[in-house]
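Remarks on the overall topology
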Amino acid sequence: MDNLIDYIPVIFVGGTSLFILVSKNWRWNILALALQYVAVFWMVLQTWTLGLAVAKLIGGWMAGAILGSSIQNENYDKEEFSYVEQRFKFILVLIIWIIVYSISPQIQNFLPISFQLILGGMVLITVGILQFGVSSNPIRVIFGLLTCFSGFEVIYSGLENSILVAGFLVIITLGIALVGALFIHQQEGELI
């Protein structure tokens, strides 16, 4: 088994992605997204230089700032969630984590990157897909897209170490956040 400290960001990513999926409050979700980008930074730092990893971290934080500043309506997150739905999502995420952990060694046979990057990236991708697949609220869909794209970035960071690619990934992250801000403003305009 590799160094145990390398698995801490994987656990952190799992916790923040689960929190974003089941939480009701958009403010706490933005904080969890910021912490998720810290864990992504930690994982990406295993293969990228410090400057490239910091660019990824700052880009993720900027995406969270864009989303946080675009919500003006205090009652934006007043959808009704039942505890049954939250428990269902929690159990579904646990099942997904078990499946991801079991297929990650097979994925490692095809991709020449570390097990921690594959595990962390696949957790982010699958929970992100679940997030934007079960939501109709624009902010929750954007959280899911950002989570899923972060997982892709983690896996891709082990394959490519290019400054240009890192810049494009940050631009795509910010583009997703800007599109999310546009959808949030359109929905708030309909509510007024």
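Everything that follows concerns the structure shown earlier in this document.
All of the points below concern the structure found in this document. (Residues numbered from 1 in each chain as written. Predicted model: local features only at pLDDT ≥ 70, side-chain atom pairs only at ≥ 80, totals over all residues. Heavy atoms only, no water.)

1. Brief notes about the overall build of the chain
Within the chain one finds seven helices and zero strands. N-terminal to C-terminal, the α/β element order of the chain is α-α-α-α-α-α-α. Here the chain has a C-alpha radius of gyration of 16 Å; the compact-globule value for 192 residues is 16 Å, and the two agree. Within the span of the chain, comprising 192 residues, buried residues form 48% of the whole. Accessible surface computed for the chain: about 9,600 Å², of which carbon and sulfur atoms make up 72%. Side chains of the chain carry 7 positive and 11 negative charges; the gap between the two charge centres is 9 Å. (Helix = DSSP H or I, 4+ residues; strand = E, 2+ residues; numbered from the N terminus. Rg over C-alpha atoms; globule rule 2.2 N^0.38 Å. Buried < 20%, exposed > 50% of the residue type's maximum accessible area, 1.4 Å probe, protein only. Areas by Shrake-Rupley, 256 points an atom, 1.4 Å probe, with all protein chains shown as cover. Lys, Arg positive; Asp, Glu negative; His and termini not counted. Charge placed at Lys NZ, Arg CZ, Asp CG, Glu CD.)

2. Here we look at helix H4 (residues 83–110)
Between its first and last C-alpha atoms H4 spans 40 Å; for 28 residues at 1.5 Å apiece the expected length is 40 Å, and the two agree. Where H4 bends most, the angle comes to about 40°, and this point is Ser-104, followed within four residues by the proline Pro-105. Of all the positions in H4, only Gln-86, Lys-89, Val-93, Ile-96, Val-100, Ser-104 and Ile-107 are classed as buried. Looking at the buried residues of H4, the elements they touch are helix H1 (8–22), helix H5 (115–134) and helix H6 (138–157). (Expected span 1.5 Å × (residues − 1). Bend = angle between axes of the 7 residues up to and from the residue. Contact = heavy atoms within 4.5 Å.)

3. A look at a nonpolar patch on the surface
Taken together, the side chains of Phe-12, Phe-19, Trp-28, Leu-31, Leu-35, Val-38 and Trp-61 define a hydrophobic patch exposed on the protein surface, amounting to about 640 Å² of accessible area. The set of elements that each furnish at least two residues to the nonpolar patch consists of H1 and helix H2 (26–44). Note on placement: Val-38 falls in helix H2. (Patch = residues over 30% accessible without salt bridge, like charges linked within 9 Å, V, L, I, M, F, W, Y side chains within 5 Å. Salt bridge = Lys/Arg side-chain N within 4 Å of Asp/Glu carboxyl O.)

4. A few points about the packing of H1 against H5
For the pair H1 and H5, interaxial distance at closest approach is 9 Å and the crossing angle is 5°. Judged by the inter-axis angle, H1 sits roughly parallel to H5. Across from Val-10, Val-13, Gly-14, Ser-17, Ile-20 and Leu-21 in H1, the residues of H5 making contact are Gln-116, Leu-119, Gly-120, Val-123, Leu-124, Val-127, Leu-130 and Gln-131. Counted by class, the contact of H1 with H5 contains nine nonpolar, five polar and no charged residues. (Axes fitted to C-alpha atoms, helices over the stretch in contact; angles between N-to-C directions. Parallel < 35°, antiparallel > 145°, perpendicular 65-115°, else oblique. Nonpolar A, V, L, I, M, F, W, Y, C, P; charged D, E, K, R; others polar.)

5. Considerations on the pattern of salt bridges
Pairing between side chains becomes possible if they bear opposite charge and their charged atoms approach one another. Under the defined criterion, the tally for this structure stands at two salt bridges. Glu-153 is paired through a salt bridge with Lys-56; the nearest N and O atoms lie 2.3 Å apart. Of this pair, Glu-153 sits in helix H6 while Lys-56 sits in helix H3 (residues 50–70), placing them 97 residues apart in sequence. Between Glu-85 and Lys-89 there is a salt bridge, and its shortest N-O distance comes to 3.5 Å. One end of the pair, Glu-85, and the other, Lys-89, are both in helix H4, four residues apart, so they sit about a helical turn from each other.

6. Describing the packing of aromatic side chains
If you walk through the whole model with that rule in mind, you get four aromatic pairs. Pairing Phe-152 with Tyr-156 gives two aromatic rings, centres 5.5 Å apart and planes at 15°, and the pair type is stacked. Of the two residues, Phe-152 and Tyr-156 are both situated in helix H6; the distance of four residues between them amounts to about one turn of the helix. With relative accessibility at 39%, the residue Phe-152 sits in the partly exposed group. In textbook terms, an aromatic cluster arises when at least three aromatic residues are bridged by ring pairs, as seen for Tyr-7, Tyr-101 and Phe-115. (Phe/Tyr/Trp six-rings, centres within 6.5 Å; stacked < 30°, edge-to-face > 60°.)

7. Some points on the environment of Leu-45
Mapped onto the secondary structure, Leu-45 falls in the loop between H2 and H3. Along the sequence, Leu-45 and Ile-125 sit 80 residues apart, while their C-alpha atoms lie 19 Å from each other. In contact with Leu-45, other than residues within four places in its own chain, are Leu-50 and Ala-53.

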